[in-house]
Amino acid sequence: MARANINKLRVGGNVTYVNSNQQGPQFGANNAIGNASAFARIMFMPRNLDLTGLPNTNPVTRGPAFGWLNGQADNPYWSVANNSYKSNVDRVAVTTNIGYDILNWLNFSFNGGVNTYSDRRVTAVRPGSVAFQGAGNVIQDYLRNTELESTALLTADQNITEDISIKAIVGANINQRQFESSSVSGNTYLQFDIDDIQNTRQVINNGSGFSKRRLFGVLGDLTLGYKDFVYLNATARNDWSSTLPTVNRSFLYPSVSASLIFTEAFGIESNILNMGKLRAGYANAGNDAPPYSLITTYGLQPFYGNNVGGTQFPITPTNGNTVSGAAIGGFVGDPNLTPEFSKEIEVGTDLNFLKDRIILSATYYDKRTTNQIANVPLPSASGFTTYITNFGEISNKGIEGALTVIPVDAGGFRWTSVANFTRNRNIVEKLREGVEQVVIAANFGDIQAVHRPGQPYGLLIGSVAARDNEGNLLINPSTGRMLTAINPEIVGNPNPDYTIGFINTFTYKGLTLEGVIDFRKGGDIYSTTLQSYLGRGVTQDTEDRDKNVIINGYLGNPGTLQPLTAADGSKIPNNVAVSLNDYYFGTGSAAINGASEFSVFDGTTLRLREITLGYDLPAKLLAKTPIRGVNLSLSGRNLWWYAPNIPKYTNFDPETSTFGASNAQGFEFTNAPTARRYGVNLRVNF
């Protein structure tokens, strides 16, 4: 970082370069056909079987050796050594800022920069693996993302009178995001242990991707103040987006807010309440569409098939003439897309007590998002899967609170404690006319994430056990297992009821110790890891698998899914026993091959999020150097958690998501386990 001041001119800049190298085994669902995952059948293995003491490599073929599981999966030890994923990321961020004081009350500023990264990935599966027919495969991907951002502002800040102040800002903003990708696949290794595309017999171009989005906006911000205790603010911004139709690409969104420091306004002088503020606001925000959402696009050199095999274009038939191909995309674009808009009303208060030793902040908000842009499902007979369009309205209502307390501040020692509380209710108010639900994620099996009118955002739906009209389970009289209902139902809500965070900071003579504790109440998760643990009986949660149990319920007719009745018309209680193993494994069970509802768990979690210990060198030691400050810190993250509603002995962390930060939450398809992280950080300021 560099800064320079020349009279009224200020110039600054910052350059950051980060290189990240990642290398590790391949992960993923443990039951996918032809999967080279290191998890393979690891969740199926009996705990008394020590894989470490068994051969993992065939000495003749150099392929995996996995005992009776040969041909079904790769030995995990062999997979870790031979099936790899490598990523090398170069990230560069350059920013510059210029400020000039035209007058003592008028200022011009410019901030601009570029943030770009390139990611080179190599995924290798060596010969002998169950994946890629045992021939070996290398995939080389190249991704590049570049974002350009610049903002120019003219700011006027002046007191009109002794009591009235005004601050006005006008400006313009330009943003461009560009993404490029390419992928090449090589099949059939020539040499066993050279993970390079040139070491393969057949090289196929997997295609490339490109997208570019531009956004230009003009903005204004006006703040009026009266005696430093009343403030009125109004903003407006108009954007023009390249991703929307010409007639809809311009959209305006304003906001207004007001705040009153009532302790100043009414002359309240108190040793208890030293500052009190009330605030309220209304904001309207606009959002554009993803690139290329207006028309249906094509993909070059498509692949038809699955992870076991298929046809990849271009193809070379027996006559030797190579045939290229192009495939129409699975979605239909909407040439009449309009921007999304979010309107929000917010009210709150800030109260400071005992000379800021206690600070309380509370906020209530009501946010409505209309004309949301998303994929609406289409009938398969249309030849497409989805239609990208404006589909409905979603609301977010909630409260946020923060309490800061300084219990001790004496003799150079200071203890600061902060508690945060958030409760949000995200509801799908309505969908496009004629649409009953929008599927936002369709996955392995029958589990899905959907939007339904009047229901929470992103509900999980899936198969459920058949029940009578009183909610009792219906049991198959031939097997003693549960019958499965015909129609899927809601099986989970991934949204938490509320979250609480605790931050405690202790400082003393340059030393700082900080701890962060989180609590999340609710938020369901569908987990194939837990399903496998319970279904295969590999944890203590389901020990004594041979004992018999009788499932609480009534005998049901497998054909009609109605209760069987005795001669007097009463329902017949289940009296057919099953082994505990059969209760968790097989059709009608409570885990593997059972209804999805039994693999959904409450994700309530108490977590020690982070502990950091840092030390700042005394300023006097740096007085004669160009260094302004030095800080050395040690940190640990995700050190401990407790999830009371997860099977006790699985040691499963529910803070995971197969789809990352996307709209589809509450899914875990054999993700890599979460990890504790330890770090050392040295920060030097010049």
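Remember, it's a predicted structure, so these values are computed and weren't measured experimentally.

**Notes on the overall build of the chain**
Inference 1: A count of helical and extended segments in the chain gives 4 helices and 38 strands.
Inference 2: Projected onto its principal axes, the C-alpha coordinates of the chain cover approximately 90 × 75 × 60 Å.
Inference 3: A fraction of 65% describes how many contacts in the chain between residues 6 or more apart in sequence connect residues 24 or more apart.
Inference 4: Total accessible area on the chain is roughly 37,200 Å²; 55% of this is exposed by carbon and sulfur atoms.

**Notes on the packing of aromatic side chains**
Inference 1: The tally for this structure, following the rule as stated, stands at 12 aromatic pairs.
Inference 2: Seen in terms of ring centroids, Phe 659 and Phe 667 are 5.7 Å apart; in terms of plane orientation they differ by 80°. Their pairing is edge-to-face.
Inference 3: Among the residues examined, Phe 659 registers a relative accessible area of 31% and is labelled partly exposed.
Inference 4: Judged by relative accessible area, Phe 667 falls into the buried class, the value being 0%.
Inference 5: On the numbers, 6.1 Å between centres and 10° between planes, the contact of Phe 667 with Phe 669 is stacked. Side by side, Phe 667 and Phe 669 carry an identical accessibility label, which is buried.
Inference 6: Aromatic ring contacts, followed pair by pair, group Tyr 526, Phe 659, Phe 667 and Phe 669 into a single cluster.

**Examining the nonpolar core**
Inference 1: Grouped together as the largest cluster of nonpolar side chains are 22 residues, with contacts concentrated most on Leu 473, Ile 475, Met 482, Leu 530, Tyr 584 and Ile 646.
Inference 2: Secondary structure elements with two or more residues in this core: helix H3 (528–536) and helix H4 (580–584).
Inference 3: Of all the elements, H3 adds the most residues to this core, at 3 residues.
Inference 4: Beyond its immediate stretch of four places on either side in the chain, Tyr 584 contacts Leu 534, Gly 535, Thr 542, Arg 545, Ser 589, Ala 590, Ala 591 and Ile 592.
Inference 5: In this structure, Ile 447, Leu 474, Ala 485 and Tyr 526 belong to the second largest nonpolar core, which totals 16 residues.

**Let's talk about the side chain of Thr 243**
Inference 1: Secondary-structure assignment places Thr 243 in the loop between strand E8 (230–241) and strand E9 (250–261).
Inference 2: Only 3.0 Å separates the side chain of Thr 243 from the side chain of Ser 241, close enough to count as a polar contact.
Inference 3: Side-chain polar atoms of Thr 243 contact the backbone oxygen of Ala 289, separated by 2.8 Å.
Inference 4: Setting aside residues no more than four positions away along its own chain, Thr 243 makes contact with Arg 213, Asp 288, Ala 289, Pro 290, Pro 291 and Leu 294.

**Some thoughts on the pattern of salt bridges**
Inference 1: Within this structure, the stated rule accounts for 25 salt bridges.
Inference 2: Glu 429 serves as the salt-bridge partner of Arg 368, at 3.8 Å between the closest nitrogen and oxygen. A residue pair is termed long-range when its members are at least 10 positions apart, and Arg 368 in strand E17 (residues 358–370) and Glu 429 in strand E21 (residues 413–431) qualify at 61 residues.
Inference 3: For Arg 368, a relative accessible area of 28% translates into the label partly exposed.
Inference 4: Since its relative accessible area comes to 31%, Glu 429 is described here as partly exposed.
Inference 5: Here Asp 468 and Lys 571 are joined by a salt bridge, their closest N and O atoms 2.7 Å apart. Of this pair, Asp 468 sits in the loop between strand E25 (459–462) and strand E26 (474–475) while Lys 571 sits in the loop between strand E32 (554–555) and strand E33 (578–579), and the two are 103 residues apart along the sequence.
Inference 6: A network of salt bridges, in which partner residues are shared, links Asp 366, Arg 368, Glu 393, Glu 429 and Lys 430.

**Let's talk about the layout of surface pockets**
Inference 1: The calculated volume of the second largest pocket comes to roughly 720 Å³.
Inference 2: For the second largest pocket, the lining is made up of 37 residues, of which Pro 494, Asn 495, Pro 496, Thr 499 and Arg 520 are closest to its centre.
Inference 3: Those elements giving two or more residues to the lining of the second largest pocket turn out to be E21, strand E28 (496–508), strand E29 (511–522), strand E30 (524–527) and strand E35 (605–616).
Inference 4: It is E28 that contributes the most residues to the lining of the second largest pocket, 8 residues altogether.

**Considering unusual backbone geometry**
Backbone phi values are negative for most residues with the exception of glycine, while trans is the configuration of most peptide bonds.
Inference 1: A positive phi is found at Phe 132, a non-glycine position, where the angle reads about 55°.
Inference 2: Here Phe 132 shows up in the loop between strand E4 (106–125) and strand E5 (137–159).

**Examining the sheet that holds strand E37 (residues 667–668)**
Inference 1: One open sheet accounts for 3 strands, arranged E34-E30-E37; its pairing is mixed. Only two strands of the sheet have a single neighbouring strand rather than two, namely strand E34 (600–602) and E37.
Inference 2: Bridge count for E30 against E34 is 3 bridges, and the pairing is antiparallel. Pairing of Tyr 526 across the sheet is with Val 600, part of E34.
Inference 3: H3 contacts E30, E34 and E37 of the sheet and is inclined by roughly 60° relative to E30.

**A few points about the sheet that holds strand E22 (residues 438–442)**
Inference 1: The strand order across the open sheet formed by 4 strands is E22-E23-E25-E27, and the pairing between neighbours is antiparallel. Strand pairing shows two members of the sheet lacking a second neighbour, E22 and strand E27 (489–492), which therefore form its edges. Averaged over all pairs of adjacent strands, the angle between strand axes in this sheet comes to 45°, irrespective of strand direction.
Inference 2: Examined bridge by bridge, strand E23 (residues 448–451) and E25 share 3 bridges and lie antiparallel to one another. Across the sheet, the residue bridging to Val 450 is Leu 459, located in E25.

**Structural notes on H3**
Inference 1: Most of H3 sits inside the fold, with 8 of its 9 residues counted as buried.
Inference 2: Turning to H3, its buried residues number three or more, namely Thr 528, Thr 529, Leu 530, Gln 531, Ser 532, Tyr 533, Leu 534 and Gly 535.
Inference 3: Lining the buried residues of H3 we find E30, H4, E34 and E37.
Inference 4: For H3, the side-chain oxygen to backbone nitrogen distance between the N-cap and Thr 529 is 3.3 Å, and the N-cap itself is Ser 527.
Inference 5: Gly 537 lies just past H3 and shows a positive phi near 70°.

**Some remarks on the environment of Asn 375**
Inference 1: Along the chain, the position of Asn 375 falls in strand E18 (residues 373–377).
Inference 2: Taking the relative accessible area as the measure of exposure, Asn 375 reaches 35% and is therefore partly exposed.
Inference 3: As for Asn 375 and Ile 388, which are separated by 13 residues in sequence, their C-alpha atoms are 4.5 Å apart.
Inference 4: Non-local contacts of Asn 375, meaning those with residues more than four positions away in its chain, are made with Thr 386, Tyr 387, Ile 388, Val 438 and Val 439.

Rules behind the numbers
- Residues numbered from 1 in each chain as written.
- Predicted model: local features only at pLDDT ≥ 70, side-chain atom pairs only at ≥ 80, totals over all residues.
- Heavy atoms only, no water.
- Helix = DSSP H or I, 4+ residues; strand = E, 2+ residues; numbered from the N terminus.
- Contact = heavy atoms within 4.5 Å.
- Areas by Shrake-Rupley, 256 points an atom, 1.4 Å probe, with all protein chains shown as cover.
- Phe/Tyr/Trp six-rings, centres within 6.5 Å; stacked < 30°, edge-to-face > 60°.
- Buried < 20%, exposed > 50% of the residue type's maximum accessible area, 1.4 Å probe, protein only.
- Core = buried A, V, L, I, M, F, W, Y, C linked by side-chain atoms within 4.5 Å.
- Polar contact = N/O pair within 3.5 Å; in protein donor to acceptor, adjacent residues only side chain to side chain.
- Salt bridge = Lys/Arg side-chain N within 4 Å of Asp/Glu carboxyl O.
- 1 Å grid on protein atoms, 1.4 Å probe; cavity = no way out; pocket = protein on both sides within 12 Å on 5 of 7 lines; lining within 4 Å.
- Points joined across faces, edges and corners; volume = space filled by probe spheres on them.
- Pairing = 2+ DSSP bridges.
- Axes fitted to C-alpha atoms, helices over the stretch in contact; angles between N-to-C directions.

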